[in-house]
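Each chain is listed here by its residues.
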Amino acid sequence: MNKTVITVVGKDSVGIIARICTYMAENGINILDISQTIVSGYFNMMMITESDYAVKDFPTMAQDLETIGEEIGVSIHIQNAEIFEKMHRI
């Protein structure tokens, strides 16, 4: 399974989750888990996704998500889950 970790951080506004989830659905990316909080007006979301059936390669998805983030005023980062786990191992 080709898992990725996607983080989204920025000032809260209407439609952040909708915009990102629409992109995921349109590109064959399955959301396995999602956590979202808003603290003092700041939005924070972490998603674990599976992209075995994605229609785009990883670098293209990363660029697309960065562009979407710029459009909606948040920072979006995508990482391979295996690399993420190794970076955050105690």
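So, here is what we can say about the structure in this document. All figures in this text were calculated on a predicted structure; none of them were measured in a lab.

Thresholds applied
Residues numbered from 1 in each chain as written. Predicted model: local features only at pLDDT ≥ 70, side-chain atom pairs only at ≥ 80, totals over all residues. Heavy atoms only, no water. Salt bridge = Lys/Arg side-chain N within 4 Å of Asp/Glu carboxyl O. Helix = DSSP H or I, 4+ residues; strand = E, 2+ residues; numbered from the N terminus. Buried < 20%, exposed > 50% of the residue type's maximum accessible area, 1.4 Å probe, protein only. Core = buried A, V, L, I, M, F, W, Y, C linked by side-chain atoms within 4.5 Å. Contact = heavy atoms within 4.5 Å. Pairing = 2+ DSSP bridges. Axes fitted to C-alpha atoms, helices over the stretch in contact; angles between N-to-C directions. Phe/Tyr/Trp six-rings, centres within 6.5 Å; stacked < 30°, edge-to-face > 60°. Lys NZ or Arg CZ within 6 Å of the ring centre and 35° of its normal.

This part takes up the pattern of salt bridges. Charged atoms that come close allow side chains of opposite charge to pair. Scanning the model with the defined rule gives two salt bridges in all. A salt bridge links arginine 19 to glutamate 71; the nearest nitrogen and oxygen atoms lie 3.0 Å apart. Within this pair, whereas arginine 19 is found in helix H1 (residues 16-26), its partner glutamate 71 is found in helix H2 (residues 58-72), the two being separated by 52 residues in sequence. Judged by relative accessible area, glutamate 71 falls into the exposed class, the value being 53%. One salt bridge connects aspartate 64 with lysine 56, and the closest N-O pair in it is separated by 2.8 Å.

Time to look at the nonpolar core. Where a protein is soluble and globular, its nonpolar side chains tend to be buried together. Counting 16 residues, the largest nonpolar core has Ile6, Val8, Ile20, Met24, Leu65 and Ile76 as its most contacted members. Looking at this core, the elements that each hand over two or more residues are strand E1 (3-11), H1, strand E3 (42-50), H2 and strand E4 (74-80). Ranked by the residues each element gives to this core, the list is headed by H1, at four residues. Ignoring sequence-local partners within four residues, the contact set of leucine 65 consists of Ile6, Tyr23, Met24, Ile76 and Ile78.

Taken in spatial order, the four strands line up as E2-E3-E1-E4 in an open sheet, and their pairing is antiparallel. The sheet is open, and its two borders are formed by strand E2 (30-39) and E4, each paired with just one other strand. Direction aside, the axes of adjacent strands within the sheet are offset by 10° on average. Note: E1 against E3, nine bridges, orientation antiparallel. Bridge pairing links threonine 4 to threonine 49 in E3. Sheet strands in contact with H1 are E1, E2, E3 and E4, and its direction is about 15° off that of E3. On the sheet, H2 packs against E1 and E4 and is oriented at approximately 165° with respect to E4.

With that settled, the discussion passes to the pairing of E2. Pairing between E2 and E3: nine bridges, direction antiparallel. When the bridges of E3 are listed, glutamine 36 appears paired with methionine 45.

All right, on to the packing of aromatic side chains then. Under the criterion given, the structure shown has zero aromatic pairs. A cation over a ring is seen here: lysine 11 above tyrosine 42, with NZ or CZ 5.9 Å from the ring centre.

Honestly, it's all geometry; don't read function into it.
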